Amino acid sequence: MREVIFRKQNKEKWKQIEEIFENRQHSSSDQLASSYIEVMNDLSFASTYFPNSRTHEYLNTFATKLHNLIYINKKEETSRFKQFWLYEVPLITRKHHRMFLYAFLSFLFFVLLGAFLQHFDPKMVRIILGDFYVDMTLDNIDKGDPMAVYKDMAPFTMFIYIFTNNFLVMLRCIAFGIFPILGTLYIVANNGVMVGAFLYFFIQQGLFWESFRTVFIHGTVELISIAIAGAGSFIIGTSILFPGTYTRIHSFTNGVKDAIKVCVGLVPFILIAAIAESYVTRYTGMPDWLAIFIILGSLLLMIFYYVIYPIQVDARFNRNEKSPILEVKDI
């Protein structure tokens, strides 16, 4: 892309960001954080293709000012750590909400497919989970404690194992994203079919409610997190297939950065899921009302942070962007 075209495509956006910077006393932290992300993305592109240009000089200077304002000023509203989860992750989530929807629907489809396959072939769960696990579960059912698998391992050991496993799932989502469509679908399908077959196996044993309430005490957060990690893979894949006005390499770089931030943003949630599965799920005799409370609370938490809150943050950012005022000077 030629410098003059790049400038023309982004000039209005830079004017709006200048307005936010000039009125920083009245600008919220999410506006400043989103502005910084936008300027850094453009600076990265300019550094690659116009390293000695006035456009690069302008963006570099502007990015430095925004960085100092957000991260160095000791009077900043929040720390860098809080900034990431309060603003960066929600803004990136909102930017890619469509990918999140696609990933969730794909995951749901493969869960239903796993249940469908298990319905017509009861041996499917053995193929997916292995004979040892299935035989152990059937033995636990005969003993009157079908969910005993959640009690066999020491809580802390179980926590480390589960957290590590879920973290590796996230890494695989990023890695497989470089294979557009096929890599993404493999990750989503692999996890979705396993969950569907596993849950339907318990339905076939006449244990729908007991398995549902036990599994979803931790599984609500865990399974939604897996779907969101799948969205990271979708983000990388689409960045390769549909680069837009950027070069394919630059679009891919931005896609990887966004996907990594999405997955890092999931760390607190996979921690919550691992703690719940290791320390809470093992109490299979808890009252139904308490299990329902935990499940609904987990669901509302995920809906709020990944659906409602990103829309709110994005709306606050865009509220004052309707009328550009300042000129992008000397570029």
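Residues numbered from 1 in each chain as written. Predicted model: local features only at pLDDT ≥ 70, side-chain atom pairs only at ≥ 80, totals over all residues. Heavy atoms only, no water.

**Some words on the layout of surface pockets**
Once rolled over the atoms, a probe with the size of a water molecule shows which space is left empty. Of the pockets and cavities examined, the largest pocket occupies roughly 920 Å³. Lining the largest pocket we find 28 residues, and of these Tyr-133, Tyr-161, Asn-165, Met-194 and Glu-277 sit closest to its centre. Counting residues per element, the lining of the largest pocket draws most heavily on helix H8 (residues 155-176), which supplies 7 residues. In terms of residue class, the lining of the largest pocket is made up of 18 nonpolar, 6 polar and 4 charged. Roughly 750 Å³ of internal volume is contained in the second largest pocket. In terms of lining, the second largest pocket is formed by 31 residues, of which the most central are Phe-104, Phe-107, Leu-108, Ile-224 and Leu-299. Partitioning the lining of the second largest pocket into residue classes produces 27 nonpolar, 4 polar and no charged. (1 Å grid on protein atoms, 1.4 Å probe; cavity = no way out; pocket = protein on both sides within 12 Å on 5 of 7 lines; lining within 4 Å. Points joined across faces, edges and corners; volume = space filled by probe spheres on them. Helix = DSSP H or I, 4+ residues; strand = E, 2+ residues; numbered from the N terminus. Nonpolar A, V, L, I, M, F, W, Y, C, P; charged D, E, K, R; others polar.)

**Let's talk about the packing of helix H10 (residues 208-241) against helix H11 (residues 248-265)**
One way to put it is that H10 packs onto H11 with a least axis distance of 7 Å and a crossing angle of 175°. Classified by the angle between their axes, H10 and H11 sit roughly antiparallel to one another. Residues Ile-228, Ala-229, Gly-232, Ile-235, Ile-236, Ser-239, Ile-240 and Leu-241 of H10 form the contact with H11, whose participating residues are Arg-248, Ser-251, Phe-252, Gly-255, Val-256, Asp-258, Ala-259, Val-262 and Cys-263. Of the residues in the contact of H10 with H11, the class split is 11 nonpolar, 4 polar and 2 charged. (Axes fitted to C-alpha atoms, helices over the stretch in contact; angles between N-to-C directions. Parallel < 35°, antiparallel > 145°, perpendicular 65-115°, else oblique. Contact = heavy atoms within 4.5 Å.)

**As for the nonpolar core**
Among the nonpolar cores identified, the biggest contains 67 residues, and Phe-100, Phe-107, Tyr-150, Ile-228, Met-302, Tyr-305 and Tyr-306 are the most heavily contacted of them. A per-element tally of this core places H10 first, with 15 residues. Beyond its immediate chain neighbours, meaning those up to four positions away, Phe-107 contacts Val-188, Asn-191, Gly-192, Val-195, Leu-223, Ile-226 and Ala-227. (Core = buried A, V, L, I, M, F, W, Y, C linked by side-chain atoms within 4.5 Å. Buried < 20%, exposed > 50% of the residue type's maximum accessible area, 1.4 Å probe, protein only.)

**A closer look at the packing of aromatic side chains**
For the structure on display, the rule yields 23 aromatic pairs. Between the aromatic rings of Tyr-133 and Phe-198, the centroid separation amounts to 6.2 Å while the plane-to-plane angle is 50°, which identifies the pairing as tilted. With a gap of 65 residues between them, Tyr-133 in helix H7 (residues 131-142) and Phe-198 in helix H9 (residues 182-204) connect regions that are remote in the sequence. Among the aromatic side chains, those forming a connected cluster through ring pairs are Phe-100, Phe-269, Phe-304, Tyr-305, Tyr-306 and Tyr-309. (Phe/Tyr/Trp six-rings, centres within 6.5 Å; stacked < 30°, edge-to-face > 60°.)

**A closer look at the pattern of salt bridges**
When charged atoms on two side chains of opposite charge get close, those side chains can pair. For the structure shown, the criterion picks out 11 salt bridges. The shortest N-O distance in the salt bridge between Asp-131 and Arg-126 comes to 3.2 Å. A salt bridge links Asp-135 to Arg-126; its shortest N-O distance comes to 2.9 Å. Shared partners join several salt bridges into a network, and the residues in it are Lys-13, Glu-38 and Asp-42. (Salt bridge = Lys/Arg side-chain N within 4 Å of Asp/Glu carboxyl O.)

**Thoughts on empty space enclosed by the protein**
A full pass over the atoms with the stated rule returns 1 cavity of 30 Å³ or more. The space that makes up the largest cavity amounts to roughly 50 Å³. The wall of the largest cavity is formed by Asn-166, Met-170, Glu-222, Ser-225, Ile-226, Ala-229, Leu-266 and Ile-270. Elements supplying a minimum of two residues to the lining of the largest cavity: H8 and H10. Here the lining of the largest cavity gets 4 residues from one element, more than from any other, and that element is H10.

**Description of H11**
Across its 18 residues, H11 extends 25 Å between first and last C-alpha, which sits within 8% of the 26 Å expected from 1.5 Å per residue. Here H11 has its buried residues at His-250, Ser-251, Asn-254, Gly-255, Asp-258, Ala-259, Val-262, Cys-263 and Gly-265. (Expected span 1.5 Å × (residues − 1).)

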